[in-house]
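The chain contents come next:
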Amino acid sequence: MTLNNVYIAGALSGLLAAAVVDVSAFRSWKSVDEAMAYDWTTAAWRWFQGAVSGALMAAGVAVVS
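Residues numbered from 1 in each chain as written. Predicted model: local features only at pLDDT ≥ 70, side-chain atom pairs only at ≥ 80, totals over all residues. Heavy atoms only, no water.

## Side note on the overall build of the chain
Point 1. Helix and strand content of the chain: three helices and zero strands.
Point 2. Reading the secondary structure of the chain in the N-to-C direction produces α-α-α.
Point 3. The proportion of buried residues among the 65 residues of the chain is 20%.
Point 4. Counting contacts in the chain only where the partners sit at least 6 residues apart, residues at least 24 apart contribute 65% of the total.
Point 5. Working note: accessible area of the chain is about 4800 Å², and carbon and sulfur atoms make up 70% of it. (Helix = DSSP H or I, 4+ residues; strand = E, 2+ residues; numbered from the N terminus. Buried < 20%, exposed > 50% of the residue type's maximum accessible area, 1.4 Å probe, protein only. Contact = heavy atoms within 4.5 Å. Areas by Shrake-Rupley, 256 points an atom, 1.4 Å probe, with all protein chains shown as cover.)

## Regarding the confidence of the model for the chain
Point 1. Of all residues in the chain, 86% attain a pLDDT of 70 or more, and the chain-wide mean is 81.
Point 2. Within the chain, helix α1 (residues 6-27) carries the highest mean pLDDT (87), whereas helix α2 (residues 32-36) carries the lowest (77). (pLDDT = per-residue confidence, 0-100.)

## Things to note about the packing of aromatic side chains
Point 1. Applying the stated criterion across every chain yields a total of two aromatic pairs.
Point 2. Arranged with centres 6.4 Å apart and planes meeting at 75°, the rings of Trp40 and Trp47 form a pair that is edge-to-face.
Point 3. The class of Trp40 is partly exposed, set by a relative accessible area of 38%.
Point 4. Accessibility expressed as a relative area gives 25% for Trp47, which makes it partly exposed.
Point 5. Measuring from ring centre to ring centre gives 5.5 Å for Trp45 and Phe48, while their planes differ by 25°; the resulting arrangement is stacked. (Phe/Tyr/Trp six-rings, centres within 6.5 Å; stacked < 30°, edge-to-face > 60°.)

## A closer look at α1
Point 1. Along its 22 residues, α1 runs 31 Å from first to last C-alpha, staying within 8% of the 32 Å computed at 1.5 Å per residue.
Point 2. Restricting attention to buried positions, one finds in α1 the residues Gly10, Ala11, Gly14, Ala18, Ala19 and Asp22. For α1, the angular spread of the buried residues around the axis is 160°, confining them to a single face. Residues Leu16 and Arg27 are exposed on α1 and point more than 90 degrees away from its buried face. (Expected span 1.5 Å × (residues − 1). Arc of directions from axis to C-beta.)

## Let's talk about the pattern of salt bridges
Point 1. Summed over all chains, the structure comprises one salt bridge.
Point 2. Note that Asp22 is salt-bridged to Arg46, the shortest N-O span being 2.6 Å. Of the two residues, Asp22 is situated in helix α1 and Arg46 in helix α3 (residues 40-64); the sequence distance between them amounts to 24 residues.
Point 3. Residue classification places Arg46 among the partly exposed positions, given a relative accessible area of 35%. (Salt bridge = Lys/Arg side-chain N within 4 Å of Asp/Glu carboxyl O.)

Following this line, the structure appears as structure tokens:
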């Protein structure tokens, strides 16, 4: 797998953006109870959506350029 592929780079970019947001939200909580209540299933779904949207955006950019 190579990052020269625009679709892979787009997918990784979207996944990373979603992961950064979720990890930042997770780290901002003040108590253990808040951290334990974090829904990682929803976070994983957002990461998947970020990867798909990143790949789709890359596909659109590749068509235009």
